[in-house]
Amino acid sequence: MPLSDVKMLIGGPQGTGLETVSHVLIAALAYNGYGVLSGREYHSNIKGRHSYILLRVSSHEVPKSLTYPVDILAAMDPETVFTHCADVSHSGFLVYDVGGEDTRLDKIVSMESYTRQRIEKRLQREGVEPVLGKLVEYLESKGVKVVGLDYRSILSELRERHGIAPHMLSRFTSSVIVGAIAGLIGLDEESLRAGFSHRFAARKQLVEPNVYIAVKVAEHVSSKFGPRLILEESMLQHEEYMVVSGNEAVAIGKIIGGVRFQSYYPITPAQDESFFLESHEKLTDGNRQLGSVLVLQTEDEIAAIAAAMGAALAGTRAATATSGPGFDLMAEGLSWAGMNEVPIVVTYYQRGGPSTGMPTRGAQSDLFTALFSGHGEFPRVVIASGDHLEALNDAVEALNIAERYQVPVIHLLDKFLANSIATIPIPDTSSMTIDRGKLVTRVEAPLNYKRFSLDELVSPRAPLGYAVSWYTGDEHDEYGHITEDPVLRVKMHSKRMRKMELIASEIPEEHRAQLYGYTEPDLLLIGWGSVKGVVLDAARILEKKGVRVSYLHIRYMSPFASKLVGKAIGRVGVDRTVAVEHSYEAHISKLVAMNTGQRITKEIVKFTGRPIYTHELVDAVLRILDTGEKRVVLDYGA
Amino acid sequence: MERSPTDYRTGLWVDWCPGCGNYGILAALTQALAELGLDPAKTVIVSGIGCSGKTPHYVRVNGVHTLHGRAIPFATGVKLANPELTVIVEGGDGDLLGIGAGHFVALGRRNVDMTVIMHDNQVYGLTKGQASPTLPYGVQTKGLAKPNIQGMLNPVLLALASGYTFVARALATDVKHLKQLIKQAVKHRGAAFIDVLQPCPTYNNVYTAQFYRKTVYRLDEDPDWDPVVRDPSQEHSKKMAAMAKAHEWEPRIPVGVFYHNPLVPSFEERLQSRLGNYLEEPPARQTIVSGSDGTPVVNTESLRRMLGAKVITVRRSKRAKPVIAPMP
């Protein structure tokens with residue numbers, strides 16, 4: 001029977017074509033109308049260390065989360081099979097290179113010794129000799145269907161057929177993998193051509209040799225290896241998809257939202273956003289130039305936020321993007337933005353800390369950094385996105401809020417979202433508006449302009465160039481000149497601070513937090529950011545098991561939807577509320593306590609740097625319900 | 001419109017110490033602004049922290065008094081967002097060369113069209129006289145408990161090495177000369193730097209006004225001194241000559257223009273060649289909303305064409321020909 005949902009893991013050394021496999025497969029699948037979500041795990045390394053793609057394809061939705069076990073484990077190298085031998089379902093498929101069968105675990109130099117020991121122990125427990133061939137035999141004995149291919153001979157054939165130079169051959173390993181997967185799930189030649197054409201649009205000469213290999217392998221696999229995992233035809237109605245990472249979703253949101261100045265200092269996992277903006281710096285529609293985005297790579301993050309603020313003072317929609325260590329450097333600038341009511345957006349991609357921590361892995365442990373960094377008190381808005389579409393829309397919204405209220409806005413994301421790729425519909429701009437707030441370019445008496453007029457909470461803002469104004473990090477009067485007068489201080493500081501009340505009164509709580517599911521469920525999960533997808537998927541699985549789980553998704557970390565959240569928890573009872581977060585401390589519980597007085601004591605956390613997978617979240621929820629456990633620490637994944 | 005230096009004063013009480021070199025800088029600055037006839041609304045003074053940081057409050061043009069060491073990146077953002085603005089940075093030696101040294105170097109590399117005026121008094125005045133990066137090794141000024149244990153950074157050499165295309169030094173008490181240099185620097189298209197020797201009467205009892213009066217000499221007194229690069233082939237020799245001059249300190253300290261290279265493309269010109277519309281429509285001047293209803297200028301249709309490489313059209317049936325969105 002055709003399948004509606006297939007999960008696969010494709011692994012290999014970093015820098016040897018995984019990106020191509022991912023790109024080609026996603027394009028070919030999208031071409032057939034499927035919804036795809038894929039995540040990428042990699043070390044802080046350019047070439048050689050183990051990396052993998054976890055991909056999920058569905059015929060009836062865009063998948064919201066990733067999960068194990070996978071139906072297909074496709075290995076570019078022996079390390080992948082050793083690392084992920086427990087990740088493949090017992091009725092799944094293993095695609096591997098028979099040429100590497102003699103490889104012993106202890107000869108894999110790219111593997112960390114601790115990882116090796118852990119795998120060695122596992123194999124020992126199962127009585128498996130640590131040699132690839134033996135491991136494959138073992139997996140086969142467990143029911144895994146083994147697709148052994150001789151990568152080298154397949155590629156040699158290509159060499160004869162297409163005259164590819166011997167040293168270039170290994171680059172085509174990706175098409176062997178693509179072909180094997182195509183053979184298993186039933187992608188035809190046309191789809192493969194579509195996938196490769198998309199990938200190699202700028203290097204068309206590579207399309208045919210790659211299609212040739214992939215089709216050959218696909219034919220071989222589909223004829224030789226018994227019943228396969230054929231995907232049913234897509235039921236999704238989309239006529240076109242955009243294939244984007246989280247980074248790109250934010251960048252596209254910024255383009256629509258009018259960012260025309262973006263400064264940044266390179267840092268993982270934020271840099272791809274600025275890279276994308278730079279590669280689309282000329283905003284053109286046919287022959288017409290609609291504008292341009294000036295992307296400035298600065299000397300450090302301190303300069304990045306300072307330059308963005310300078311551009312904002314001159315009237316540009318300006319933003320910067322960074323990760324934890326970079327954001328720390330931006331803290332003094334953020335405080336200046338708060339004092340000077342500068343509309344600025346800082347896109348903040350969290351990764352594993354503290355310090356450089358796990359620079360290429362994900363986390364949600366910077367919630368309080370985003371909320372409280374910077375000295376002194378000042379209003380700020382912190383928005384966290386739960387998926388690709390939210391990320392795109394929130395980027396537009398963050399820019400609007402920054403200008404409407406003249407406050408710094410922090411747009412909080414995480415590595416999981418940043419680096420995962422999803423098929424989304426083309427963004428519909430008809431539902432989006434740009435609100436520039438009280439931006440004025442006509443000032444009656446430009447030499448006597450009060451930038452910080454106390455007449456209103458949000459003063460009319462004339463950019464530099466239209467009137468004479470002063471800005472200072474010191475407390476200031478209505479003109480912007482330094483003052484230390486106690487009475488004026490009270491007025492000016494209160495004016496700034498009271499904006500938070502204004503914002504809270506104008507943006508409905510229902511917009512700042514959303515409840516998914518029943519109002520009185522068996523268990524209420526509460527989370528934010530990329531936790532959203534996995535909780536919603538887990539809730540559906542739990543429903544089938546007779547467990548009713550709801551999800552309270554917090555989108556605005558500041559201003560917090562205190563009443564809505566308080567009510568939602570109150571109805572279910574704090575004992576039946578569980579915080580879910582990629583951190584040790586489940587910070588959201590503390591934020592809820594601060595804002596509602598309700599102390600959540602149950603939590604499901606994961607801080608391995610890998611995302612929470614659906615299957616482990618389902619297990620964790622059941623454990624909490626069945627055994628009354630208060631804290632479950634998840635650790636699945638390689 | 002004829003403007004006088006007093007038109008460029010805010011009338012706020014200037015709270016620098018009596019005898020401070022900053023008064024000379026302020027006078028030279030307002031005179032230069034008046035003689036250049038700059039529109040106050042289109043002129044921006046960006047400063048960092050410290051005594052020099054207060055300068056914008058005394059001048060009636062836009063003033064942005066920023067964070068310690070960060071005046072240059074702020075100014076860079078302002079200028080690049082709207083290149084029509086005249087941007088002047090006022091910073092101290094500690095501000096620009098201590099905490100802000102990375103930014104100082106970066107401005108040279110970019111050659112953004114702006115002027116950096118460094119108030120060089122060799123001490124941190126507002127925090128009671130600690131040694132700044134321009135105080136020579138072994139010197140003990142009034143506020144120091146021990147002789148300076150760190151070496152001196154040569155600001156003129158650093159500016160030359162970083163790529164500033166106009167590099168000069170002046171004495172704060174010679175208002176007329178400083179004014180001339182500021183005018184030249186503002187008119188120069190590219191990153192201009194003026195190291196202003198600024199006596200601090202409160203904390204620096206070594207490099208005093210009297211000391212400078214005795215040691216300073218004018219580069220333009222030498223009829224053969226020509227710092228201007230008129231042809232790319234002169235770039236190397238003129239820079240080497242400037243560096244040699246910059247090495248002079250005691251017993252005689254040169255002031256004037258060390259190096260002036262108008263041939264290097266400014267950052268704005270580089271952006272123009274990359275973005276196409278930059279100078280006509282810089283970031284701050286771009287329309288991002290179409291009409292009055294807040295509709296974004298970049299809409300679904302233009303996005304689809306602009307990001308064609310990201311778009312995949314789903315095939316209608318398995319018999320249909322592949323339809324792949326074209327690359328832009």
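Note that the structure is predicted; figures quoted are calculated from it, not measured.

Caption draft 1: Broad picture of the overall build of chain A. Check the secondary structure of chain A and you find 22 helices and 24 strands. For 638 residues, the compact-globule estimate of 2.2 N^0.38 gives 26 Å, and chain A sits close to it at 26 Å. With the C-alpha coordinates aligned to their principal axes, the bounding extent of chain A is approximately 85 × 60 × 45 Å. Across the 638 residues that make up chain A, the buried fraction comes to 63%. Pairs at least 24 residues apart make up 75% of the contacts formed inside chain A by residues separated by at least 6 positions. Of the roughly 22,900 Å² of accessible surface on chain A, a fraction of 50% belongs to carbon and sulfur atoms.

Caption draft 2: Molecular detail of the overall build of chain B. Scanning chain B from N- to C-terminus turns up 11 helices and 13 strands. Each principal axis of the C-alpha atoms in chain B carries an extent, and together these give about 90 × 45 × 45 Å. Residues classed as buried in chain B amount to 59% of the 328 residues present. Of all intrachain contacts in chain B linking residues separated by at least 6 positions in sequence, the fraction that spans at least 24 positions is 69%. As presented, chain B carries roughly 13,100 Å² of accessible surface, and 55% of it is formed by carbon and sulfur atoms. Looking at charge distribution, chain B has the averaged site of its 37 positive side-chain charges lying 10 Å from that of its 28 negative ones.

Caption draft 3: Examining the environment of A:Leu454 more closely. Residue and element names in this part refer to chain A. As for its position among the elements, Leu-454 is in the loop between strand 16 (421–424) and strand 17 (470–472). Leu-454 sits in the partly exposed class, given a relative accessible area of 26%. The spacing of Leu-454 and Pro-69 is 385 residues in sequence and 61 Å in space, taken between C-alpha atoms. Excluding anything up to four places from it in sequence, Leu-454 contacts Glu-478, Leu-488, Lys-491, Met-492 and Lys-495.

Caption draft 4: Structural view of a nonpolar patch on the surface. Taken together, the side chains of A:Tyr584, A:Phe607 and A:Val633 present a nonpolar region at the surface, about 310 Å² in accessible area. Residue A:Tyr584 is classed as exposed on the basis of its relative accessible area of 53%.

Caption draft 5: Layout of the layout of surface pockets. Residues and elements named next belong to chain A. Estimated volume of the second largest pocket: approximately 840 Å³. Lining the second largest pocket are 31 residues, and of these Thr-115, Arg-118, Arg-610, Gly-637 and Ala-638 sit closest to its centre. Counting only elements with at least two residues in the lining of the second largest pocket, the list comes to strand 3 (50–58), helix 2 (78–84) and helix 3 (113–126). Each of domain 1 (5–224) and domain 2 (243–425) contributes no fewer than three residues to the lining of the second largest pocket.

Caption draft 6: Up close: the domain arrangement of chain A. According to the domain assignment, chain A consists of domain 1 (5–224), domain 2 (243–425), domain 3 (446–504) and domain 4 (514–634). Centre-to-centre separation of domain 1 of chain A and domain 3 of chain A, based on C-alpha positions: 59 Å.

Caption draft 7: Representation of the packing of aromatic side chains. With the rule as written, the count across this model stands at 20 aromatic pairs over all chains. With centroids separated by 5.9 Å and ring planes inclined at 55 degrees, the aromatic side chains of B:Tyr164 and B:Phe193 adopt a geometry described as tilted. Of this pair, B:Tyr164 sits in the loop between helix 6 (155–162) and strand 7 (166–171) while B:Phe193 sits in strand 8 (residues 191–197), and the two are 29 residues apart along the sequence. With 5.0 Å between their ring centres and 90 degrees between their planes, B:Tyr207 and B:Phe211 make a pair best called edge-to-face. Judged by relative accessible area, B:Phe211 falls into the buried class, the value being 16%. Grouped by ring-pair contacts, the aromatic residues A:Trp336, A:Phe452, A:Tyr471 and B:Phe74 constitute a single cluster. Cation over ring: A:Arg548 sits above A:Tyr518, and NZ or CZ is 4.1 Å from the ring centre. Over the ring of A:Tyr466 we find B:Lys42, and its NZ or CZ is 5.9 Å from the ring centre.

Caption draft 8: Structural context of the side chain of A:His280. On the secondary structure map, A:His280 appears in the loop between helix 10 (271–279) and strand 9 (282–285). Excluding residues that lie within four positions of it along the chain, A:His280 makes contacts with A:Ile255, B:Met306 and B:Leu307.

Caption draft 9: Fine view of the pairing of strand 1 (residues 43–47) of chain B. All names here are of chain B. The element strand 1 is largely enclosed, with a buried count of 5 among its 5 residues. What you see with strand 1 is no split at all: Thr-43, Ile-45 and Ser-47 on one side and Val-44 and Val-46 on the other are buried throughout. Sheet analysis places strand 1 next to strand 3 (residues 86–92), joined by 5 bridges and oriented parallel. When the sheet's bridge partners are listed, Thr-43 is paired in strand 3 with Thr-86. The pairing of strand 1 with strand 2 (residues 62–65) spans 4 bridges and is classified as parallel. Of the residues in strand 2, the one forming a bridge with Ser-47 is His-65.

Caption draft 10: Representation of the interface of chain B and chain A. Residue-level contacts link 74 residues of chain B with 84 residues of chain A. Interface of chain B and chain A: buried area, both sides summed, is about 6,800 Å²; carbon and sulfur atoms make up 61% of it. Looking at the side of chain B facing chain A, the largest losses of area belong to B:Ile288, B:Lys310 and B:Ile312, adding up to 11% of the total buried there. Taken together, the links from chain B to chain A amount to 9 salt bridges. The residue B:Arg274 makes a salt bridge to A:Glu281 at a minimum N-O spacing of 2.6 Å. Counting across the interface, chain B meets chain A through 42 residue pairs in polar contact (both at pLDDT 80 or more). A per-element tally of the side of chain B that touches chain A places helix 3 (residues 71–81) of chain B first, with 7 residues. A breakdown of the residues in the side of chain B that touches chain A according to their chemical character gives 39 nonpolar, 20 polar and 15 charged. Across 3 bridges, strand 7 (residues 240–245) of chain A lies against strand 13 (residues 311–313) of chain B in antiparallel orientation. Looking at the pairing, A:Met242 lines up with B:Val311 of strand 13 of chain B.

Caption draft 11: Highlighting the UniProt feature "domain: Thiamine pyrophosphate enzyme TPP-binding" (unreviewed entry) in chain B. Feature annotation in UniProt assigns "domain: Thiamine pyrophosphate enzyme TPP-binding" (unreviewed entry) to the following positions: residues 49–196 of chain B. Across residues 49–196 of chain B, helical content stands at 36% and strand content at 23%; the span's end C-alpha atoms are separated by 17 Å.

Caption draft 12: Looking closely at the packing of helix 11 (residues 301–313) of chain A against helix 12 (residues 324–340) of chain A. Residue and element names in this part refer to chain A. One can describe the packing of helix 11 onto helix 12 by two numbers: an axis separation of 7 Å at closest approach and a directional angle of 30 degrees. Taken as axis vectors, helix 11 and helix 12 run roughly parallel relative to one another. The two elements helix 11 and helix 12 cross, and the hand of that crossing is right-handed. Contacts between helix 11 and helix 12 involve Glu-301, Ile-302, Ala-304, Ile-305, Met-309 and Leu-313 from the first element and Gly-326, Leu-329, Met-330, Glu-332, Gly-333, Leu-334, Trp-336 and Ala-337 from the second. For the contact of helix 11 with helix 12, the class distribution of residues is 10 nonpolar, 2 polar and 2 charged.

Caption draft 13: Helix 21 (residues 587–596) of chain A, seen in detail. Residues of helix 21 of chain A that are buried: A:His587, A:Ile588, A:Ser589, A:Leu591 and A:Val592. Count one or two residues on from helix 21 of chain A and you reach A:Gly597, which has phi positive near 80 degrees.

Caption draft 14: Region of interest: the side chain of A:Glu478. Relative to the elements of secondary structure, A:Glu478 occurs in the loop between strand 17 and helix 16 (486–497). With a relative accessible area of 19%, A:Glu478 lands in the buried category.

Caption draft 15: Main features of the sheet that holds strand 3 of chain B. Reading across from one edge, 17(A)-2(B)-1(B)-3(B)-4(B)-8(B)-7(B)-10(B)-9(B) is the order of the 9 strands in this open sheet, with mixed pairing throughout. Here the strands that pair on one side only, and so sit at the sheet edges, are strand 17 of chain A together with strand 9 (216–218) of chain B. Between one strand axis and the next, the sheet turns by 20 degrees as a mean value, whatever way the strands run. Across 3 bridges, the pairing between strand 9 of chain B and strand 10 (residues 253–260) of chain B is parallel. Residue pairing across strands places B:Tyr217 opposite B:Pro254, the latter belonging to strand 10 of chain B.

Rules of the game
Residues numbered from 1 in each chain as written. Chains lettered and ligands numbered in written order. Predicted model: local features only at pLDDT ≥ 70, side-chain atom pairs only at ≥ 80, totals over all residues. Heavy atoms only, no water. Helix = DSSP H or I, 4+ residues; strand = E, 2+ residues; numbered from the N terminus. Rg over C-alpha atoms; globule rule 2.2 N^0.38 Å. Buried < 20%, exposed > 50% of the residue type's maximum accessible area, 1.4 Å probe, protein only. Contact = heavy atoms within 4.5 Å. Areas by Shrake-Rupley, 256 points an atom, 1.4 Å probe, with all protein chains shown as cover. Lys, Arg positive; Asp, Glu negative; His and termini not counted. Charge placed at Lys NZ, Arg CZ, Asp CG, Glu CD. Patch = residues over 30% accessible without salt bridge, like charges linked within 9 Å, V, L, I, M, F, W, Y side chains within 5 Å. Salt bridge = Lys/Arg side-chain N within 4 Å of Asp/Glu carboxyl O. 1 Å grid on protein atoms, 1.4 Å probe; cavity = no way out; pocket = protein on both sides within 12 Å on 5 of 7 lines; lining within 4 Å. Points joined across faces, edges and corners; volume = space filled by probe spheres on them. Domains from an automatic or database assignment. Phe/Tyr/Trp six-rings, centres within 6.5 Å; stacked < 30°, edge-to-face > 60°. Lys NZ or Arg CZ within 6 Å of the ring centre and 35° of its normal. Pairing = 2+ DSSP bridges. Buried area = accessible area lost by both parts, 1.4 Å probe. Polar contact = N/O pair within 3.5 Å; in protein donor to acceptor, adjacent residues only side chain to side chain. Nonpolar A, V, L, I, M, F, W, Y, C, P; charged D, E, K, R; others polar. UniProt positions renumbered as here; feature names shortened; annotations may be inferred. Axes fitted to C-alpha atoms, helices over the stretch in contact; angles between N-to-C directions. Parallel < 35°, antiparallel > 145°, perpendicular 65-115°, else oblique. Left-handed = near helix turned anticlockwise from the far one by under 90°.

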